[in-house]
Amino acid sequence: MHYLLKWLLAGLAVLFISAAAIIGSMRAGWWNPSLEEVKAKHAGAPSEFIKTGDVTLHVRDEGEGPVVIMLHSSMTNLRIYDGWAEALKTGYRVIRIDWPPYGLSDDPEPSKGMPGVVTLLEQFVKQQNISEFTLVGSSSGSTISVLYAAKHPEQVKALALSTLPLSAPPTSEPPFLVDFFQYIHQNWTPGYLPEAYFSAFLGWLYGEPSRLTPETVRWYYETNNIPGKFALVKAYYEANLSAVWSKGAKEEASQVTAPILLQWGDRDAVLPEYLVEKAVADFQSTQVEVIHYDDVGHYPMLELPGKTGEDLKTWLDGVYQRKGQD
């Protein structure tokens, strides 16, 4: 019994030392991919880096025709629209932007929150001599799109939004693994999250987890673990608490006059389906067309890029056909 206890204690000591060493190496940044590595892998053609004020924006600009600008959601980047860009670029000029603090864009002051992204977009479209366009947004990118459209009705000709929060999202209950990795991240490894976290997190956000590919998990992991990225994200989140979520965007929604397409995954664990009715009611000055996807979660463009991209293109074609007849 004495020897058994001795071996048990020795095993626990080894386990403790190993865990401490792993956490220490994560805190030291040894596990993070470098910015240069991530750029080499995810910023090939047609990516370009455009200086807009003090910000360097990672942009993909493809196709010809009416301009469509795509704004991704939080904790992701322009790659969520790979499928939709393929569907649209045959008839539209599709511009995808990594808005800071996400993706490969670099902003020395990302703590301005969503209003800061709106200002950045104003500067970008002026710089690019773009006078009118459609905004496509996902989740918080949808919120930014609403804020922009309310401020610039003369520029925004249509809005295509998915899983739209007009107020702070309701409390949700992530699975144990997501909570576990977040606890480690928040308390011990603030600059790093393992690939297993993104697999669990995205699997939770998908309506059908079997649709999640290892490639998607990998680029989420790589682009979010760029050194220094999580500190910028934290500052951005804190800015939004007072800049947007303290009052929500209901007032701005009521000012939007552009036609709206709302594509909603009814299995969304973060923004439940009942929010659709509230969102539609808040758009008091325009018409909203809603398309529900009953087996899709938070990311329609990732889960079903073919079907949801086709629906988006059909709707956009109709919008521009009607505008051509006016």
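Summary of the structure given here.

About the thresholds
- Residues numbered from 1 in each chain as written.
- Predicted model: local features only at pLDDT ≥ 70, side-chain atom pairs only at ≥ 80, totals over all residues.
- Heavy atoms only, no water.
- Helix = DSSP H or I, 4+ residues; strand = E, 2+ residues; numbered from the N terminus.
- Expected span 1.5 Å × (residues − 1).
- Buried < 20%, exposed > 50% of the residue type's maximum accessible area, 1.4 Å probe, protein only.
- Arc of directions from axis to C-beta.
- Contact = heavy atoms within 4.5 Å.
- Patch = residues over 30% accessible without salt bridge, like charges linked within 9 Å, V, L, I, M, F, W, Y side chains within 5 Å.
- Areas by Shrake-Rupley, 256 points an atom, 1.4 Å probe, with all protein chains shown as cover.
- Salt bridge = Lys/Arg side-chain N within 4 Å of Asp/Glu carboxyl O.
- Pairing = 2+ DSSP bridges.
- Axes fitted to C-alpha atoms, helices over the stretch in contact; angles between N-to-C directions.
- Core = buried A, V, L, I, M, F, W, Y, C linked by side-chain atoms within 4.5 Å.
- Polar contact = N/O pair within 3.5 Å; in protein donor to acceptor, adjacent residues only side chain to side chain.

**What about helix 6 (residues 176-187)?**
Compared with the 16 Å implied by 1.5 Å per residue over 12 residues, the 16 Å span of helix 6 between its first and last C-alpha is a close match. Residues of helix 6 that are buried include every one of V178, F181, I184 and H185, and no others. Mapping the buried residues of helix 6 onto a view down its axis gives an arc of 130°, with all of them on the same face. Summarising the geometry of helix 6, the exposed residues directed more than 90 degrees from the buried face are F176 and Q186. The elements touched by buried residues of helix 6 are helix 7 (195-205) and helix 9 (229-245).

**Side note on the environment of T119**
Relative to the helices and strands, T119 resides in helix 4 (residues 113-127). A relative accessible area of 34% places T119 in the partly exposed class. In this structure, the C-alpha to C-alpha distance between T119 and Y148, residues 29 residues apart in sequence, is 8.7 Å.

**Details of a nonpolar patch on the surface**
Together, F176, L177 and F180 make up an exposed nonpolar region whose accessible area comes to about 330 Å². Here F180 lies in helix 6.

**Considerations on the sheet that holds strand 5 (residues 133-138)**
Read across the sheet, 8 strands follow the order 1-2-4-3-5-6-7-8 without closing on themselves; strand pairing throughout is mixed. The two strands at the open ends of the sheet, each matched to only one other strand, are strand 1 (47-52) and strand 8 (288-293). Taking the axes of each pair of neighbouring strands and ignoring which way they run, one obtains an average angle of 20° across the sheet. Inspection of the sheet shows strand 5 paired to strand 6 (residues 156-162) by 6 bridges, in the parallel sense. Bridge assignment links V136 to a residue of strand 6, and that residue is A160.

**Structural notes on helix 7**
Within helix 7, 8 of the 11 residues are buried, leaving the element largely enclosed by the surrounding structure. Looking at helix 7, one finds that the buried residues are Y197, F198, A200, F201, L202, G203, W204 and L205. Looking at the buried residues of helix 7, the elements they touch are helix 6, helix 8 (214-224) and helix 12 (300-303).

**What about the pattern of salt bridges?**
Evaluated as defined, the whole model comprises 20 salt bridges. A salt bridge links D82 to R96; the nearest nitrogen and oxygen atoms lie 2.7 Å apart. With D82 in helix 3 (residues 82-88) and R96 in strand 4 (residues 93-97), this pair connects stretches of sequence that are 14 residues apart. When its relative accessible area of 24% is taken as the criterion, D82 is described as partly exposed. The exposure class assigned to R96 is buried, which follows from its relative accessible area of 2%. Close ionic contact of R218 with E222 constitutes a salt bridge, the shortest N to O distance being 2.9 Å. Residue R218 and its partner E222 are both found in helix 8; the two are separated by 4 residues, about one turn of the helix.

**Focus: the nonpolar core**
Counting residues in each nonpolar core, the largest one holds 93 residues, and the members touching the most others are I69, L121, F124, F133, L135, L164 and F283. With residues up to four places along the chain from it excluded, the contact list for L121 reads I69, L71, I97, L135 and Y148.

**What to know about the side chain of N77**
For N77, the location among the structural elements is in the loop between strand 3 (67-71) and helix 3. A polar contact of 3.1 Å, which involves the side chain of N77, links it to the side chain of T223. If we ignore the near neighbours within four places in the chain, the residues touching N77 are H72, D98, G103, W219 and T223.

Structural measurements only, silent on function.
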